[in-house]
Amino acid sequence: MSNMIKFIIFNPFTELIIWMDYFINFIPGKIGKIIRILWFSVRFKKILKVIIDTNCEFKGLKNISFADGVGISKNCSFYAEDGKIYVSEGTAFNTGCHINASIGGAIKIGKKCPIGPNVVMRTASHNYNIKDQFIQDQGHKYGDIIISDNCWIAANVIIVGGVNIGTGSVIGANSVVTKNIPPNSVAVGIPAKVIKNR
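A quick note: this is a predicted structure, and the numbers were derived from the prediction, not measured. Every chain is numbered independently, its residues counted from 1 as its sequence is written. Where local features are concerned, this predicted model is filtered to residues with pLDDT of at least 70; where side-chain atom pairs are given and counted, the filter is 80 or more; whole-chain, interface and lining totals use all residues. Where side-chain values are given, they derive from all heavy atoms of the structure, hydrogens and water being excluded.

## As for the overall build of the protein chain
Then comes step 1: By the criteria applied, helices consist of DSSP H or I runs no shorter than four residues and strands consist of E runs no shorter than two, each listed in order from the N terminus. Of regular secondary structure, the protein chain possesses three helices and 21 strands.
Then comes step 2: In terms of overall dimensions, the protein chain is globule-like: its C-alpha atoms have a radius of gyration of 18 Å, near the 16 Å expected for 198 residues.
Then comes step 3: Counting only C-alpha atoms and orienting by the principal axes, one finds that the protein chain spans roughly 55 × 50 × 25 Å.
Then comes step 4: The buried label goes to any residue with under 20% of its type's maximum accessible area, the exposed label to any with over 50%, and the partly exposed label to all in between, with areas taken from a 1.4 Å probe on protein chains only. Looking at the protein chain residue by residue over its 198 residues, the buried ones come to 40%.
Then comes step 5: Counting only contacts in the protein chain whose residues sit at least 6 apart along the sequence, the fraction spanning at least 24 positions is 15%.
Then comes step 6: Every accessible area reported is derived by Shrake-Rupley at a probe size of 1.4 Å, with residue values counting cover from the shown protein chains alone. Of the roughly 11200 Å² that the protein chain leaves accessible, carbon and sulfur atoms contribute 60%. In this treatment the radius of gyration is a C-alpha quantity, and the globule benchmark scales as 2.2 Å times the residue count to the 0.38 power. Working rule for contacts: check all heavy atoms of both residues, and any pair within 4.5 Å makes them a contact.

## Quick look at helix α3 (residues 29–44)
Then comes step 1: With 16 residues, α3 should reach 22 Å at 1.5 Å per residue; the first-to-last C-alpha distance of 22 Å fits that figure.
Then comes step 2: Residues of α3 that are buried: G32, R36, W39, F40, S41 and F44.
Then comes step 3: Two residues or fewer after α3 comes K45, characterised by a positive phi angle close to 60°. Working rule for helices: expected span equals 1.5 Å times residues minus one.

## Description of the side chain of T123
Then comes step 1: Mapped onto the secondary structure, T123 falls in the loop between β11 (120–122) and β12 (124–126).
Then comes step 2: Within 3.5 Å is the distance limit for a polar contact, defined as a pair of N or O atoms, with the added protein rule that one can donate a hydrogen and the other accept it, and that residues adjacent in sequence qualify only through two side-chain atoms. A distance of 2.6 Å separates the side chain of T123 from the backbone oxygen of G104, its partner in a polar contact.
Then comes step 3: Look past the residues within four positions of T123 in its chain and what remains in contact with it is N100, A101, G104, G105, A106, I107, K141, Y142, G143, I145 and G161.

## Examining the pattern of salt bridges
Two side chains bearing opposite charge may form a pair once their charged atoms approach each other closely.
Then comes step 1: Salt bridge, as used here, is a side-chain nitrogen of Lys or Arg placed within 4 Å of a carboxyl oxygen of Asp or Glu. Across all of its chains, the model carries two salt bridges by this definition.
Then comes step 2: With its nearest N and O atoms 2.9 Å apart, the salt bridge here joins D21 to R43. Of this pair, D21 sits in helix α2 (residues 12–24) while R43 sits in helix α3, placing them 22 residues apart in sequence.
Then comes step 3: Given the relative accessible area of 13%, D21 is considered buried.
Then comes step 4: As a salt-bridge pair, K59 and E57 come within 3.6 Å of each other at their nearest N and O atoms.

## Overview of the sheet that holds strand β3 (residues 64–66)
Then comes step 1: In this description, strands pair whenever DSSP reports at least two bridges between them. Ordered in space as β3-β6-β9-β14-β17, the five strands form an open sheet in which the pairing is parallel. Here the strands that pair on one side only, and so sit at the sheet edges, are β3 and β17 (163–165). When strand polarity is set aside, the average angle formed by the axes of neighbouring strands in this sheet is 0°.
Then comes step 2: Note: β3 against strand β6 (residues 84–87), three bridges, orientation parallel. Across the sheet, the residue bridging to F66 is V87, located in β6. Orientation is described by lines fitted to C-alpha atoms, with helices fitted over the stretch in contact, and by angles between N-to-C directions that extend from 0 to 180 degrees.

## Focus: the sheet that holds strand β8 (residues 98–100)
Then comes step 1: Taken together, six strands build an open sheet; the order of strands is β2-β5-β8-β11-β16-β19 and the sheet is parallel. With one partner strand each, in any of the chains shown, β2 (57–59) and β19 (176–177) form the two edges of the open sheet.
Then comes step 2: Of the pairings in the sheet, the one linking β2 to strand β5 (residues 77–79) comprises three bridges and is parallel in character. Across the sheet, the residue bridging to K59 is Y79, located in β5.

So this is what it looks like as structure tokens:
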């Protein structure tokens, strides 16, 4: 409890920002979207021309870049405390996406990519090779995720670090992408495999 009191006393501005983020996230309708654009433009320290729906979370703002025309639906989260996230023009995130470069690495998403609901992109994974040590104590390894322009990532897809998805590719629903996908491919499955070319 004393640590919490010290945090609030010594970081009142940080505490205020957390509260503002929380309350602004729940304002509904068009007015809520306008307020969020204005608020997050201040938070990102640049004018944003994006749509941010309710209950979205952003951590590591200085490492996150959204181009004009990006759309973010409800319940999406973007974490980049020790990594980078770049999203190009016109890309749209459906509900519940989790875009995570918090440990390291970069996530780069090209232009006009529809990202389906509940998609997970995570640059890092746990090390687990030492049998007599807890997995959570073994640290992480990470790699970049690169999604080129005009890719459709369907619902519930998982994309791990070290993967490059080529221009114009489609990743089918519920797939797990663990290897590079060539341009203009349709890939499905666990792990995702190319089943045809567009």
